[in-house]
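# Chain and residue survey
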Amino acid sequence: MRTVSPSTLTETLLGLSSADTDPRVQEVLGALVRHLHAFAKEVGLTHAEWRKGLELLTRAGEITDDDRNEFVLFSDVLGLSSLVDMINSPAGCTSSSVLGPFHQLGAPEVPVGGDLIGTNEGDQVVVEGTVRDQSGAPISGAVIELWQTAENGLYSGQDPRQEHYNLRMSMTTGADGRYAVSTVRPAPYMVPTDGPVGDILRATGRHAWRPSHLHFIVQAKGFRTLVTEVFPSDDPYLDEDAVFGVRSDLVMEYRPGNRAELAQDIVARDRLNDSFSKVDFDFVLPPG
Ligand SMILES: [Fe+2]
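Residues numbered from 1 in each chain as written. Predicted model: local features only at pLDDT ≥ 70, side-chain atom pairs only at ≥ 80, totals over all residues. Heavy atoms only, no water.

### As for the domain arrangement of the chain
Selection criterion: Annotation comment: domain bounds sourced from an automatic or database domain assignment. By definition in these notes, contact holds between two residues if any of their heavy atoms fall within 4.5 Å. The term buried area refers to how much accessible surface (probe radius 1.4 Å) is lost by two components on association, counted for both of them together. Basic side-chain nitrogens of Lys or Arg form a salt bridge, by our definition, when they fall within 4 Å of a carboxyl oxygen of Asp or Glu.
Domains assigned within the chain are domain 1 (9-77) and domain 2 (92-284). Each of domain 1 and domain 2 was reduced to a C-alpha centroid, and the two centroids are 34 Å apart. Counting residues at the interface gives 11 residues for domain 1 and 15 residues for domain 2. Between domain 1 and domain 2, the buried area comes to about 1,200 Å², and carbon and sulfur atoms account for 66% of it. Here domain 1 is connected to domain 2 by two salt bridges.

Here is the structure:
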């Protein structure tokens, strides 16, 4: 090891692993070390730059708490979260997309056709669709979680003026696999820029905006859980999402709604305003 050099250090380090190292650990950590060393050699990393990187990670740890994870945000803005999503999205199924930091456990159960508008201001919309398997058959008993921003671009939990579970729900499909809910249109928002991730965005001249979206988690017995988000087709940030979450199959059309065409179980049917929109969006789950 006394003769270690830039050209031999990587293989020397990888050779230290014991023979009983888990093969997948060996593969993942080995590739990480090789790419990390190659990165340092490629850019000729200076001591000052190395310290700056460690300082960014240290600050990410300091700013992370139960409500905010700066490491997830790092992963998001560097495209790693979306890359992992795309690598693990089977063809022919609804694409997965970033979970984001604002999901909360325990959202209230709402029956199919239920209402989230309540006292929320904003454009009203009825979102409806079916949870299906890859053959097109409806999935009974699928549990759909939905969470979104209010009209001001804030989630409950970020905004003391919103009730704890405002614009959040859990809904279970019946035998027809159908879900339906009335809500308000979500708003674009910026990811937090007061931490080290904000420094990276500013240093590279990037903005922090995300297009508006509805977050979903869809779970059903015998199927792989889907974590995703869907975006209105007319959002101004659709093609410049700061965290790369948009996929073409996750874009939904907001069409003018027609009250006469709404199903009877839409509980807000008779109190929707005349300019409400309708969205039809199905979820296709891969087998578990
Ligand atoms: Fe979000």
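Here the narrative resumes.
### Focus: the coordination of the iron ion
This is how the line gets drawn: Each metal site lists N, O and S donors within 2.8 Å (3.2 Å for Na, K and Ca). With water left out of the atoms, a site can look as if it is missing ligands. For four-coordinate sites, all angles between 85 and 135 degrees define a tetrahedron; for four- and six-coordinate sites, opposite donors beyond 155 degrees with the remaining angles between 65 and 115 define square planar and octahedral shapes respectively, and all other cases count as irregular. Per the convention used, a helix needs a DSSP run of H or I reaching at least four residues, while a strand needs a run of E reaching at least two, with both numbered from the N terminus.
Within the protein, Tyr155 (OH), Tyr189 (OH), His213 (NE2) and His215 (NE2) serve as the donor atoms for the iron ion, at 1.9 to 2.1 Å. Its four donor atoms give the iron ion angles of 91 to 157° at the centre, a pattern that matches the irregular case. In primary-sequence terms, the residues that donate to the iron ion follow Y-x33-Y-x23-H-x1-H. Taken together, the residues Tyr155 in the loop between strand S3 (143-148) and strand S4 (168-172) and His213 in the loop between strand S7 (209-210) and strand S8 (214-219) connect sequence positions 58 residues apart.

### Overview of the packing of helix H3 (residues 47-63) against helix H4 (residues 70-77)
Under the convention used in this document: Think of each axis as a best-fit line through the C-alpha atoms, taken over the contacting stretch in the case of a helix, with angles from 0 to 180 degrees between the N-to-C directions. For this classification, under 35 degrees means roughly parallel, over 145 means roughly antiparallel, 65 to 115 means roughly perpendicular, and everything else is oblique. In this classification, the charged set is Asp, Glu, Lys and Arg, the nonpolar set is Ala, Val, Leu, Ile, Met, Phe, Trp, Tyr, Cys and Pro, and all remaining amino acids, among them Gly, are polar.
Packing of H3 against H4 brings their axes to within 8 Å, and their N-to-C directions diverge by 130°. Between H3 and H4, the angle falls in the class oblique. Here H3 contributes Leu56, Leu57, Ala60, Gly61 and Ile63 to the contact with H4, which in turn contributes Glu70, Phe71 and Phe74. Considering only residue class, the contact of H3 with H4 consists of six nonpolar, one polar and one charged.

### Remarks on unusual backbone geometry
For clarity, the cut-off: Buried, partly exposed and exposed residues are distinguished by accessible area as a fraction of the type maximum, computed with a 1.4 Å probe on protein chains only: under 20%, between the cut-offs, and over 50%, respectively.
Backbone geometry at Leu167 places phi at a positive 60°, although glycine is not the residue there. If you trace the backbone, Leu167 turns up in the loop between S3 and S4. For Leu167, a relative accessible area of 1% gives the class buried. Positive phi outside glycine occurs at Phe244, with the angle close to 65°. Here Phe244 lies in the loop between strand S9 (226-232) and strand S10 (251-252).

### A closer look at the pairing of strand S5 (residues 178-184)
What counts is decided by this rule: Any two strands with at least two DSSP bridges between them are considered paired.
For S5, the buried fraction is high: seven of the seven residues fall into the buried class. With burial as the criterion, each face of S5 is covered, one bearing Arg178, Ala180, Ser182 and Val184 and the other bearing Tyr179, Val181 and Thr183. In this structure, strand S1 (residues 114-115) lies alongside S5, joined through two bridges in parallel fashion. Each residue of the ladder has a partner; that of Gly114, found in S5, is Val181. Two elements, strand S2 (residues 124-132) and S5, share seven bridges in a ladder whose sense is antiparallel. The residue bridging Glu128 from the neighbouring strand is Ala180, located in S5.

### Examining the sheet that holds S10
Pairing is mixed in the open sheet, where five strands are placed in the order S4-S3-S8-S9-S10. Two strands in the sheet have a free side with no partner beyond their single neighbour: S4 and S10. Two elements, S3 and S8, share six bridges in a ladder whose sense is antiparallel. Pairing of Val143 across the sheet is with Gln219, part of S8.

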